[in-house]
Amino acid sequence: MSQCLCLNCKVRSAAANHLSLDELDLLGKRSVEVEFDKDEVIFKQDAFSSNIIYLREGLVKLTMRGHNREQILKVLKAPTYLGIPTTIGDKINNYSAVALTPVSCCFIDRATFKNFIQSNGKFAYEILTTISKIELSQFQNCVNHIQTQVTGRVAGMLLDFARNLYQSNHFQLSLTRNDLADLLGTSRETVSRILTDFVTDNLIEVKGKDITILNDERLEKINLAG
């Protein structure tokens, strides 16, 4: 655990880029950098939170406990904020964040963050934009889950991982088959069967956790066809 050096940070958020030098210095003094190993809990559902968390490096999964079990909501890649709506609104975490890879986070004092929102309009605008994008993304995911068959959801997930999470058609999955099934709202067996079908059809290559997309155009057609 160490103090954040916001003035020299190479992965500052779009919001933080609108802070003055004095504000960046204050942000650094009111923040600490914390590292997490794979599978460590960054914050836990129902726990009190006095910090805004900025994910500097790594991948995390957001999970929420329901009536019967825990559900994966989303996989996020750094750099991004974690838990802004729940922290500012309730002070209680409404979901958990778990590291999928080694992770580096900045824990920012909640009161300091809120003061920047109240006093710096450009900072506030960027935070509002971030929250809006998250909300719209969740709406889109909800529609996809309801209106798309599982095969289309698996194809869309692979394309999303390649384009957004890993930015490569060759990547090593950080999630288990159970995680993938949970994320897609289906069973582990169904995900495994569809991935095997994609391999047979020469759409992807799978070696353990390594996946290579061989034909993203056909995967896109499957994704769009639903």
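Here the structure is shown first, and the text comes after it.
Keep in mind that this is a model prediction, so the values were computed, not measured.

Calculation rules
Residues numbered from 1 in each chain as written. Predicted model: local features only at pLDDT ≥ 70, side-chain atom pairs only at ≥ 80, totals over all residues. Heavy atoms only, no water. Pairing = 2+ DSSP bridges. Helix = DSSP H or I, 4+ residues; strand = E, 2+ residues; numbered from the N terminus. Axes fitted to C-alpha atoms, helices over the stretch in contact; angles between N-to-C directions. Core = buried A, V, L, I, M, F, W, Y, C linked by side-chain atoms within 4.5 Å. Buried < 20%, exposed > 50% of the residue type's maximum accessible area, 1.4 Å probe, protein only. Contact = heavy atoms within 4.5 Å. Parallel < 35°, antiparallel > 145°, perpendicular 65-115°, else oblique. Left-handed = near helix turned anticlockwise from the far one by under 90°.

*Asks:* Would you take a moment to explain the sheet that holds strand β5 (residues 59–65) for this structure?
*Replies:* Hydrogen bonds between backbone atoms are what pair the strands of a sheet, whose relative direction is either parallel or antiparallel. Pairing is antiparallel across the open sheet formed by 4 strands, whose spatial order is β3-β8-β5-β6. Edge positions in the open sheet fall to β3 (41–43) and β6 (70–77), since each of these has one partner strand only. Taking each pair of neighbouring strands and ignoring which way they run, the sheet shows an average axis angle of 30°. For β3 and strand β8 (residues 96–99), the ladder comprises 2 bridges, and the chain directions are antiparallel.

*Asks:* What is the right way to read the nonpolar core from this model?
*Replies:* V154, L158, F161, F171 and F198 are the most contacted members of the largest nonpolar core, which has 30 residues in total. Apart from residues no more than four positions distant in its own chain, F161 is found in contact with Y166, Q167, F171, L173, L175, L180 and L183. Counting residues in each nonpolar core, the second largest holds 17 residues, with F43, I53, L76 and Y95 among its members.

*Asks:* Is there a simple way to think about the pairing of strand β4 (residues 51–57) in this case?
*Replies:* In terms of burial, β4 is largely enclosed, as 5 of its 7 residues are buried. Sheet topology places β4 next to strand β9 (residues 103–109); 6 bridges connect them, and they run antiparallel. Paired with Y54 across the bridge in β9 is C106. Where β4 meets strand β7 (residues 80–82), 3 bridges bridge the pair, whose relative direction is antiparallel. Opposite L55, over in β7, you have T80 as the bridge partner.

*Asks:* What am I meant to see in the packing of helix α3 (residues 110–119) against helix α4 (residues 121–147) here?
*Replies:* Packed helices, taken two at a time, are described by their axes: the angle between them and the distance between them. Their axes nearest at 5 Å, the elements α3 and α4 cross at an angle of 110°. Considering their axes alone, α3 and α4 lie roughly perpendicular with respect to each other. Judged by residue contacts, F113, F116, I117 and S119 of α3 engage G121, F123, A124 and I127 from α4.

*Asks:* Sorry if this is basic, but what is going on with the packing of helix α1 (residues 21–29) against α3 here?
*Replies:* Interhelical geometry of α1 versus α3 gives an angle of 160° and a closest axis separation of 10 Å. It follows that α1 is roughly antiparallel to α3 by the angle criterion. α3 is crossed by α1, and the crossing has left-handed handedness. Here α1 contributes E23, L26 and L27 to the contact with α3, which in turn contributes T112, F116 and S119.

Treat this as a map of the structure, not an account of what it does.
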